[in-house]
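Structural overview
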Number of protein chains: 2
Amino acid sequence: MATQILPEFSRKYRSLLEEEMRNRIQILQAPAVIKDAMQYSLEAGGKRIRPLLTFATISAFKKDASIGLDVAVSIEMIHTYSLIHDDLPSMDDDDLRRGKPTNHKVFGEAMAILAGDSLLTYSFQIISEINPAIVNDAKKLEMILELSKAAGAEGMVGGQVADIEAEGRSLELKDLEYVHIRKTGKLLAYSVLAGAILSDADKKTKDYLSHFAHHLGIAFQIQDDILDLEGDQELIGKPVGSDENKNKSTYPALLSIEGARKALQNHIDEAKRNLIASQLDTKILEEITDLVASRNH
Amino acid sequence: MATQILPEFSRKYRSLLEEEMRNRIQILQAPAVIKDAMQYSLEAGGKRIRPLLTFATISAFKKDASIGLDVAVSIEMIHTYSLIHDDLPSMDDDDLRRGKPTNHKVFGEAMAILAGDSLLTYSFQIISEINPAIVNDAKKLEMILELSKAAGAEGMVGGQVADIEAEGRSLELKDLEYVHIRKTGKLLAYSVLAGAILSDADKKTKDYLSHFAHHLGIAFQIQDDILDLEGDQELIGKPVGSDENKNKSTYPALLSIEGARKALQNHIDEAKRNLIASQLDTKILEEITDLVASRNH
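What you see is a predicted model; the values in this text were computed from it and never measured.

Conventions adopted
- Every chain is numbered independently, its residues counted from 1 as its sequence is written.
- Following the order in which they are written, the chains are lettered starting with A and the ligands numbered starting with 1.
- Thresholds applied to this predicted model are a pLDDT of at least 70 for local features of residues and 80 or more for the giving and counting of side-chain atom pairs; totals over whole chains, interfaces and linings are not thresholded and use all residues.
- As a convention, hydrogens and water are excluded, and side-chain values are obtained from all of the structure's heavy atoms.
- In this description a helix means any DSSP run of H or I spanning at least four residues, a strand means any run of E spanning at least two, and both kinds are numbered starting from the N terminus.
- With the radius of gyration taken over C-alpha atoms, the globule rule is written as 2.2 Å times the number of residues to the power 0.38.
- Two residues form a contact once any of their heavy atoms are found within 4.5 Å.
- We get accessible surface area from the Shrake-Rupley algorithm with a probe of 1.4 Å; when it comes to residues, only the shown protein chains can shield them.
- A carboxyl oxygen of Asp or Glu within 4 Å of a side-chain nitrogen of Lys or Arg is what we treat as a salt bridge.
- Per-residue accessibility, obtained with a 1.4 Å probe over protein chains only, is compared with the maximum for each type, and a residue is labelled buried under 20%, exposed over 50%, and partly exposed between these values.
- The copies were overlaid with a least-squares fit restricted to C-alpha atoms from residues scoring a pLDDT of at least 70 in each copy.
- Accessible area that two parts lose when put together, with a 1.4 Å probe and added across both, is what the buried area reports.
- Counted as a polar contact is a pair of N or O atoms within 3.5 Å, where, for protein atoms, one must be capable of donating a hydrogen and the other of accepting one, and residues adjacent in sequence contribute only when both atoms are in side chains.
- The residue classification treats Ala, Val, Leu, Ile, Met, Phe, Trp, Tyr, Cys and Pro as nonpolar and Asp, Glu, Lys and Arg as charged. All others, Gly included, are polar.
- Here, expected helix span is obtained from the residue count minus one, scaled by 1.5 Å.
- UniProt positions are given in the numbering used here, feature names are shortened, and annotations may be inferred rather than shown by experiment.
- The pairing test for Phe, Tyr and Trp rings, Trp by its six-membered ring, is centres within 6.5 Å, and the orientation test on the planes gives stacked under 30 degrees, edge-to-face over 60, and tilted for anything in between.
- When the NZ atom of lysine or the CZ atom of arginine is within 6 Å of a ring's centre and also within 35 degrees of its normal, the charge is said to sit over that ring.
- Fitting a line to C-alpha atoms yields each axis, with helices limited to the stretch in contact; the angle taken between N-to-C directions then spans 0 to 180 degrees.
- Oblique is the label for any angle not under 35 degrees, not over 145, and not in the 65 to 115 range, which are roughly parallel, roughly antiparallel and roughly perpendicular in turn.
- Throughout, nonpolar core names a set of buried Ala, Val, Leu, Ile, Met, Phe, Trp, Tyr and Cys residues whose side chains join them through atoms within 4.5 Å.

**A short note on the overall build of chain A**
- The number of helices and strands found in chain A is 14 helices and two strands.
- Taken over the C-alpha trace, chain A has a radius of gyration of 18 Å; the compact-globule value for 297 residues is 19 Å, and the two agree within 12%.
- Oriented by its inertia axes, the alpha-carbon framework of chain A measures out at about 50 × 50 × 35 Å.
- The long-range fraction of contacts in chain A, counting pairs at least 24 apart against all pairs at least 6 apart in sequence, stands at 74%.
- For chain A, the accessible surface area stands at approximately 11900 Å², while carbon and sulfur atoms represent 49% of it.

**Some words on the pattern of salt bridges**
- Enumeration according to the criterion identifies 42 salt bridges over all chains in this entry.
- The residue A:Glu270 makes a salt bridge to A:Arg273 at a minimum N-O spacing of 2.7 Å. In this pair, A:Glu270 and A:Arg273 both sit in helix α13 (residues 251-278), three residues apart, roughly one turn of the helix.
- With relative accessibility at 27%, the residue A:Glu270 sits in the partly exposed group.
- Notably, a salt bridge pairs B:Arg48 with B:Glu76, separated by 2.9 Å at the nearest N-O pair. Here the residue B:Arg48 occupies a position in the loop between α2 (32-42) and α3 (49-60), and B:Glu76 occupies one in helix α4 (residues 69-86), the gap between them amounting to 28 residues.
- What makes B:Arg48 buried here is its relative accessible area of 3%.
- Classification of B:Glu76 as buried rests on a relative accessible area of 1%.
- Among the charged side chains, a network of salt bridges with common partners joins A:Arg14, A:Glu18, A:Arg48 and A:Glu76.

**Digging into the relation of the copies chain A and chain B**
- With an RMSD of 0.0 Å, the operation that places chain A on chain B is a rotation of 180° combined with a shift of 0.0 Å along the axis. Look at the turn and shift together and you get a two-fold axis relating the two. For chain A, the minimum C-alpha distance to the rotation axis belongs to A:Asp137 and amounts to 3.0 Å.
- With an isologous cut-off of 70% or more, the 100% of interface residues of chain A that recur at the interface of chain B puts this contact in the isologous class.

**Digging into the interface of chain A and chain B**
- Facing 46 residues of chain A, the contacting portion of chain B comprises 46 residues.
- The contact between chain A and chain B buries some 3800 Å² in all, and 74% of this surface belongs to carbon and sulfur atoms.
- Connecting chain A to chain B are zero salt bridges.
- At the junction of chain A and chain B, the tally comes to four residue pairs in polar contact (both at pLDDT 80 or more).
- With twelve residues, the top contributor of residues to the side of chain A that touches chain B is helix α6 (residues 109-128) of chain A.
- Of the residues in the side of chain A that touches chain B, the class split is 27 nonpolar, eleven polar and eight charged.

**Overview of the side chain of A:Glu76**
- A distance of 2.9 Å separates polar atoms of two side chains, one belonging to A:Glu76 and the other to A:Arg48.
- When residues no more than four places from it in sequence are discounted, the contact partners of A:Glu76 are A:Leu17, A:Met21, A:Leu42, A:Gly45, A:Arg48 and A:Pro51.

**Overview of α3(B)**
Residues and elements named next belong to chain B.
- End to end, α3 covers 16 Å across twelve residues, agreeing with the expected 16 Å (1.5 Å per residue, within 8%).
- Among the twelve residues in α3, twelve count as buried, and that is most of the element.
- If you check which residues of α3 are buried, you get Ile 49, Arg 50, Pro 51, Leu 52, Leu 53, Thr 54, Phe 55, Ala 56, Thr 57, Ile 58, Ser 59 and Ala 60.
- Phi for Lys 62, located one or two positions after α3, is positive at around 60°.

**Describing the UniProt feature "coiled-coil region" (unreviewed entry) in chain A**
- In the numbering used here, UniProt assigns the feature "coiled-coil region" (unreviewed entry) to residues 254-281 of chain A.
- This span, residues 254-281 of chain A, is 89% helix and 0% strand, and a straight line between its end C-alpha atoms measures 36 Å.

**As for the packing of aromatic side chains**
Residues and elements named next belong to chain A.
- Under the criterion given, the structure shown has seven aromatic pairs over all chains.
- Between Phe 9 and Tyr 13, the aromatic rings sit 4.7 Å apart at their centres with planes inclined by 45°, giving tilted as the arrangement. Placement of both Phe 9 and Tyr 13 in helix α1 (residues 6-26) is noted, with a separation of four residues, approximately one turn of the helix. The same class applies to Phe 9 as to Tyr 13, namely buried.
- Lying across the ring of Tyr 178, Arg 182 places its NZ or CZ 3.6 Å from the centre.

**Considerations on the packing of α3(B) against helix α14 (residues 283-294) of chain B**
Residues and elements named next belong to chain B.
- Look at α3 against α14: their axes get within 8 Å of each other, and the N-to-C directions meet at 150°. Here α14 runs roughly antiparallel to α3, going by the angle between their axes. Note on element contacts: α14 touches α3 through Ile 284, Leu 285, Ile 288 and Val 292, opposite Ile 49, Leu 52, Leu 53, Ala 56, Thr 57, Ser 59 and Ala 60.
- Classifying every residue of the contact of α3 with α14 gives nine nonpolar, two polar and no charged.

**Details of the nonpolar core**
- By size, the foremost hydrophobic cluster in this structure holds 180 residues, and its most contacted members are A:Met143, A:Tyr190, B:Met143 and B:Tyr190.
- Residue contacts for B:Tyr190: discarding those within four places in its chain leaves B:Val71, B:Ile75, B:Ile127, B:Met143, B:Glu146, B:Leu147 and B:Ala150.

Spelled out as structure tokens, the structure:
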């Protein structure tokens, strides 16, 4: 097996990311409780897969990945807001997230809603404030446009709506993909696209990366469903089988567990084919892809 | 009394605004229910005071107010999102808004939260997409920055947090102003500032307009509190005295009703002084100011 460079890359940029997120919350002139609520969920951890995709994409262009720091922060804030709102009693009603009490269990529902609202709002501010010596105005606006499309009614929020509407109904594969492409796929794809925008990628390269991200996103969700069915509760931080208990459609339910594993492998293969076609230096992106396929939490 | 030009101006631009908001929702590629939920609250009406402030500010520079249409739409979407989230059971728990059932009473809590989230997200998209022949990139980014500050943890959301924290406690005047400057003042001020940015205002003119908007915002809130105490339930669309029942601090409670009326007049006078000092053609802005002071709903 070739030497892995992702672990070192991941340690370095996660640390940069987490320090910058803390700074960003700390400097806010706002009531302490909302800053605490925002920070609580930002530091609840997770794999930081979206920011890592941005950093790794920039690296693939042999550029300094740290030019993506502000954008990575804004993406992780949007992702975190979506988790806070998804966990609310009126949505998925989850008490635990990554083994810790969810935001509304600690701060109450009102504060959790507002913490999500302010993380979402702040993410756009952070892009607009990027040092103009690093990112010009046209690129900032392209990122704001793509982020709002990925996160809004046509993207992540639309996916959550479709997911809620699907509860208790059994979906066909195409409907399940409609949900997941929007609910998780579009923000993952944006994370890659933002790295490409920051690296001045041409149209053709953006297309390869976008296909890569599309397949990675579906693979990510299939693995999520498999883990929910078979994972270790300690590692995934929520009860195993909770999707099944909520009567949610999943890839294993539709395709059988073996069929889901096969679909996962197909999407991983497609993702990698697009990386190779891009002719970039995609070693770290490939390692992230392997991680998605083999992760156990 | 001089001839009023606001009624005709208001009719024209409200109609433009409402048509454009409908178009914006209609073109979304999203599940029907989320589009319905967004549209329901957007068309629930209200005075459209924020968009009118943007249009009237552009007019004060003797420019075509319709260059502010997209920005006006984005402001009304942010305002509407804040009403939807404020009305939720875990926040103010209001069943009626302007005499109609609140969003969550019609669409359920989950959908109301998501409708708010997508209106907030869409508002940034709409600014980023403005025709570059009308607004250049630098101005779009300035508006996105100022909007996110006005709406986020340092602005509107921070005000809502402070308002929740104040419930059941009696506030001093400065704490009450902390709440209102953030909860309603900053978005009102942004509505004026956005018009100034679109009109290429210089720093000094922006400052006069910003002081105008500051005083207008406080006047607006004082009048709100007076109406809550003395208004006509039919006209204001919610039970009279509902703030009192919730044990909320108000201007009349702190200053007496006569003191509140006097403070209202002082802020209206200050607002108008700043309009005069700006040396712009502020006839419509003055009429909006008079409307705020004398409105009965």
